[in-house]
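So you can see what is in the structure, the chains are spelled out below.
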Amino acid sequence: MPQLIDFRASSDARGSLSKVFGRAGAADGEFNLKAFGDGFVLESGKDVFRGLHAQNPPFDQSKAFLVLAGSVEVYAVRAVGGVVEPSSLSVHALTGIGKIGLVVPEGWATGVHTISDSSTVWVSASKPYRPDCEFTISIRALLPFEDSKDWKLSEKDS
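Residues numbered from 1 in each chain as written. Predicted model: local features only at pLDDT ≥ 70, side-chain atom pairs only at ≥ 80, totals over all residues. Heavy atoms only, no water.

Draft legend 1. Main features of the overall build of the chain. From N to C terminus, the chain includes one helix and 15 strands. Counting contacts in the chain only where the partners sit at least 6 residues apart, residues at least 24 apart contribute 71% of the total. When the accessible surface of the chain is summed, it comes to about 8,300 Å², and 58% of that surface belongs to carbon and sulfur atoms. (Helix = DSSP H or I, 4+ residues; strand = E, 2+ residues; numbered from the N terminus. Contact = heavy atoms within 4.5 Å. Areas by Shrake-Rupley, 256 points an atom, 1.4 Å probe, with all protein chains shown as cover.)

Draft legend 2. Broad picture of the pattern of salt bridges. Using the criterion set out here, one finds seven salt bridges in the structure. Residue Arg14 pairs with Asp12 through a salt bridge whose shortest N-O separation is 3.2 Å. You can call Asp12 partly exposed: its relative accessible area is 42%. Via salt bridges that share partners, Asp60, Glu106 and Lys127 belong to a single interconnected network. (Salt bridge = Lys/Arg side-chain N within 4 Å of Asp/Glu carboxyl O. Buried < 20%, exposed > 50% of the residue type's maximum accessible area, 1.4 Å probe, protein only.)

Draft legend 3. Summary view of the packing of aromatic side chains. Within the structure shown, the criterion is met by three aromatic pairs. A ring pair is formed by Phe49 and Tyr75, whose centres lie 5.8 Å apart and whose planes are at 80°; its orientation type is edge-to-face. Taken together, the residues Phe49 in strand S7 (residues 49-55) and Tyr75 in strand S9 (residues 71-80) connect sequence positions 26 residues apart. Here Phe49 matches Tyr75 in class, with each residue buried. (Phe/Tyr/Trp six-rings, centres within 6.5 Å; stacked < 30°, edge-to-face > 60°.)

Draft legend 4. Representation of the pairing of strand S13 (residues 108-114). Burial runs high along S13: six of the seven residues are buried. Relative to S13, S7 is paired through four bridges, and the arrangement is antiparallel. Pairing of Gly51 across the sheet is with Gly111, part of S13. For S9 and S13, the ladder comprises seven bridges, and the chain directions are antiparallel. Residue pairing for S13: Glu73 is matched across the bridge by His113. (Pairing = 2+ DSSP bridges.)

Here you go:
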């Protein structure tokens, strides 16, 4: 039976995160779409950084990124089982003008930095989010502080 769903998962001064697939709140209770993995729409202001997040095997996710509006940099670093390979850090500039997206395989942590005034990014993950399997890597441990000093990070991400 079709149901109305409030996709918003969280919002704060940095913007919002809407969970399009996975565990989303339904109008009359919890609705579960686990068959789809997870899908998010990130809305962020300038210099917001979300991530670097990954999950431990067997719940590690591949992720696809498509920018719907604005411009972002997607950061990716190999981090199998929580072991980070700093030399693998890569940055990929994406814009909503083009239709080119980015796919990051399992075993990599990812983060999104908004470089335009605002951005809207669709993120699709191959498996549902498991908070008990997630780990976060500080971007500031991988970049010179000067490169990220003006970025807006959540407490979890810093």
